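# Coordinates in review
So the chains spell out like this:
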Amino acid sequence: MRVIIAFLNDFSFLSEMFEELGQLIISVSDGIWGTPILILLLGGGFYFLVYSRLVPLRYIGHALKILTGKYDDPNEAGQLRHYQALSTALAGTVGMGNVSGVAVAITMGGPGAIFWMWVSALLGVSTKFFTCSLAVMFRGKDSAGEIQGGPMYYITEGLGRNWKPVAVFFAVMAMVGVSPLFQANQLTQMIRDVLLVPNNIPVSFGSDLVTGIVISIIVGIVVIGGIKRIGNVTGSLVPTMVVVYTVTVLYIIFSHPAHIIPAFQTIFEDAFTGDAVLGGAVGAVIITGVRRAAFSNEAGLGTAPMAHGAAKTNEPIREGLVAMLGPIIDTIIVCTMTALALIITDTWLISNADGITLTAQAFDSAIPGVGKYILVVCVIFFSMSTMFAFPYYGVKCLGFVAGAKYQHLYNYVFVLVIIVGAVSNLRVIIGLIDIAFALMAFPTVISTILLSPHVKRASIDYFARLKLEKNRK
């Protein structure tokens, strides 16, 4: 192993060659995430909430009943039950974004960024309701005749074939947005900083490359080789890992009861001052919060509608109600717990670490000797399951752009990109993903606004029928 790593280190000039490109990516990312994207995501979410007359918030209870399977009909069109569609969408959001994405938010924007993540998520509830209702309402067929859902289909089916260039643009950007760069990078960073360094194993560009190659082989066996058993086992263990992660974080939080209220005070105060990290730059705190919320729950980006568009239902509004639970679970609940663990332990103040390493240090501080290893196990399953699930979106997008017979090629590119992510700079990766997400948001939100009257009419009809059914009982 040491010989291989030493040999690979001879090619470390590659990382230097891409350094300038990385700085350009970061600059473009910071530039694109300004006032226009804030107006689009926050303003769009506010528009959907008001236009729907607060329907997403008023019917959360009904959404939970749908999720239990009460309204499932096996004879309806689609491939996934409501619960399965939500689980598929959450597989791509609950995980690394909640573990390391929150750490990135606090590092870049201070604790106040968490408050703006909440605001973005609450508005994202209504955005998810509209986008995922449209995904079922305007399903399309790929070149193989299979029924598909997602922004690229409801753009062309709802707005007409003249809008296809916009749909293609979304699909191309989505193929970048759902790449495994972030998951591969953070898993590699976790292995390096928590497993290799403490055991005095030399780390370098070469060691990261070896880790990336190993990860790509494992993912390739599942994604390209079609060995579904490993993917199914990992997928079935993820809910267990979510429980383990949640219990561990709650233990950290409630083992410091006197720090809980001060932690919330820090979040609220810094949200309107920006003093913690950015020296009073409130605008930068807001942007950081919205960026990381988009990274976490993906409301308005268009990935979730691809999963919910495959739901087994003939009721678009019903699926929209299920989908809107995503930002609540993902950002309001899970991200908040991670943020409290980082703030309560003061790790964000005393450490220069970033991303997953900062979260690992918080776990180790609160549960010495064991905490970081619990996180390692959770992160391995979170990141691997996401890398098993993300090709589903990419394949759909390539199928839309190039035709269904070529869509499998995305899997090969996906596996190779894992290696790139493993050896790349975290900030550059975040910048690239943020660029893709911003460029996905524009066609998604704008087309959803244009098609929103369809959702409003359908929701009025749906709730009228629901009320009539209740009165009959």
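To keep things clear, this report deals only with the structure shown in the data block. As the structure is a computational prediction, the values presented were derived from the model and not from experiment. (Residues numbered from 1 in each chain as written. Predicted model: local features only at pLDDT ≥ 70, side-chain atom pairs only at ≥ 80, totals over all residues. Heavy atoms only, no water.)

## So, unusual backbone geometry
In this structure, R53 is a non-glycine residue whose phi angle is positive, near 60°. Tracing the sequence through the fold places R53 in the loop between α4 (35–51) and α5 (55–58). Its relative accessible area of 62% is what places R53 among the exposed residues. At D346, a residue that is not glycine, the phi angle is positive and equals roughly 65°. As for its position among the elements, D346 is in the loop between α20 (325–344) and α21 (347–350). (Helix = DSSP H or I, 4+ residues; strand = E, 2+ residues; numbered from the N terminus. Buried < 20%, exposed > 50% of the residue type's maximum accessible area, 1.4 Å probe, protein only.)

## Quick word on the packing of aromatic side chains
This structure, assessed with the given rule, holds 20 aromatic pairs. Ring plane angle 40° and centroid distance 6.2 Å describe the contact between W118 and F264, whose orientation is recorded as tilted. With a gap of 146 residues between them, W118 in helix α10 (residues 112–137) and F264 in helix α16 (residues 260–271) connect regions that are remote in the sequence. Classification of F264 as partly exposed rests on a relative accessible area of 28%. Measuring from centroid to centroid gives 6.0 Å for Y245 and F382, while their planes differ by 75°, and the two rings are edge-to-face. Pair noted here: Y245 is in helix α15 (residues 228–254) and F382 is in helix α23 (residues 371–402), with a separation of 137 residues, a long-range link. Here the aromatic cluster, defined as three or more aromatic residues joined through ring pairs, consists of F115, W116, W118, F264, F268 and F272. Above the face of the F400 ring, K164 is positioned so that its terminal group lies 5.6 Å from the ring centre. The ring of Y51 is capped by K456, whose NZ or CZ atom sits 4.5 Å from the centre of that ring. (Phe/Tyr/Trp six-rings, centres within 6.5 Å; stacked < 30°, edge-to-face > 60°. Lys NZ or Arg CZ within 6 Å of the ring centre and 35° of its normal.)

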